[in-house]
Amino acid sequence: MRTPLVAGNWKMYTTPSTAAELAARIKLDTVNVDFADIAVFPPYICIAAVAEALKGSNIEIGAQDIFWEPEGAYTGAISARMIAESGCARVLVGHSERRTYFGETDEKVLKKTVAALSEGLKPIVCIGETLEQREAGITETILDTQLKDGIGALKNIDALTIAYEPVWAIGTGKTATPDQADEAHKYIRGLIAGRWGDNVSRNIRILYGGSVKPDNARSLWEREDIDGFLVGGASLKADSFRDIVNSVK
Ligand code: 13P
């Protein structure tokens, strides 16, 4: 049995003070949760405040991105070591917003994933098709390419989580139906089985992301291959995030 993981991606929302308040609320609201892993991904500048607010809880912290070099003259960049030392256990890699606005490619995803693993961080690698790609009937080809080029070169993916986030469902209020999500998750798990074997594919967690809300989480969670969620907007309110966490019970 895979333990569910519910992760909140706070994107470019919150400031250090509001992030600390949100984290403190989430900590209180999920104090009895023993059936799921929980993680939050605040903006870099809020990580220290969130780490302080979450002291004594099992909620993990992650960063939303990293640069692949360990250090150097890379103005504005943040390394895996920096976030690890700041209290992060996880990092998002290849989020579609990074791909769309910041030129993230599968090649960069690989470099960042390798850098994260070298510092003991657990990457959540995000993949997913756009609406045009879905309508063109090439969803599987896109997932195949993103997975192959993004992580295919890795020998060991035990520390990884995959997030399937169809781009057309992110921030749009248009959630993939349980059938659509489950179909993609099954396809991804099959790809993983083909490259790393059945045991790895049985154990790896595949999260769904894209307009997950308290009222649609349960029907997605009931599907066999959906192991939790990567939540954007609904993770910015402690009560809706708590309700989503409770839906995976
Ligand atoms: P929304 O839940 O706001 O659609 O965002 C999903 C997402 O991008 C999580 O990484």
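Up top is the structure.
Please read all numbers here as calculations on a predicted model, not as lab measurements. (Residues numbered from 1 in each chain as written. Predicted model: local features only at pLDDT ≥ 70, side-chain atom pairs only at ≥ 80, totals over all residues. Heavy atoms only, no water.)

Things to note about the overall build of the protein
Next, step 1: A tally of helices and strands in the protein yields eleven helices and eight strands.
Next, step 2: Relative to a compact globule of 249 residues, whose C-alpha radius of gyration would be 18 Å, the protein shows 17 Å and is just as compact.
Next, step 3: Reported as C-alpha extents along the three principal axes, the dimensions of the protein are approximately 45 × 45 × 35 Å.
Next, step 4: The burial tally for the protein puts 50% of its 249 residues in the buried class.
Next, step 5: A separation threshold of at least 6 residues defines the contact pool for the protein, and within that pool the share at least 24 residues apart is 71%.
Next, step 6: Accessible surface computed for the protein: about 11600 Å², of which carbon and sulfur atoms make up 51%.
Next, step 7: Between the averaged position of the 28 positive side-chain charges in the protein and that of its 34 negative side-chain charges there is a distance of 2 Å. (Helix = DSSP H or I, 4+ residues; strand = E, 2+ residues; numbered from the N terminus. Rg over C-alpha atoms; globule rule 2.2 N^0.38 Å. Buried < 20%, exposed > 50% of the residue type's maximum accessible area, 1.4 Å probe, protein only. Contact = heavy atoms within 4.5 Å. Areas by Shrake-Rupley, 256 points an atom, 1.4 Å probe, with all protein chains shown as cover. Lys, Arg positive; Asp, Glu negative; His and termini not counted. Charge placed at Lys NZ, Arg CZ, Asp CG, Glu CD.)

Description of the site of the ligand
Next, step 1: Every residue lining the ligand is accounted for by N9, K11, H95, E165, A169, I170, G171, G210, S211, L230, G232 and G233.
Next, step 2: At a separation of 3.0 Å, an oxygen atom of the ligand approaches a polar side-chain atom of E165.
Next, step 3: Here the ligand, which alone exposes 300 Å², has 96% of that area covered by the protein.
Next, step 4: Taken together, the residues of the shell around the ligand break down into three nonpolar, seven polar and two charged. (Near = heavy atom within 4 Å. Polar contact = N/O pair within 3.5 Å; in protein donor to acceptor, adjacent residues only side chain to side chain. Nonpolar A, V, L, I, M, F, W, Y, C, P; charged D, E, K, R; others polar.)

Structural notes on the environment of E104
Next, step 1: Within the fold, E104 resides in the loop between α4 (96-101) and α5 (106-118).
Next, step 2: A relative accessible area of 7% means that E104 is categorised as buried.
Next, step 3: If sequence neighbours within four positions are ignored, E104 has contacts with D65, V93, G94, R98, R99, V109 and K112.
Next, step 4: Among the polar contacts listed, one links the side chain of E104 to the side chain of K112, at a separation of 2.7 Å.

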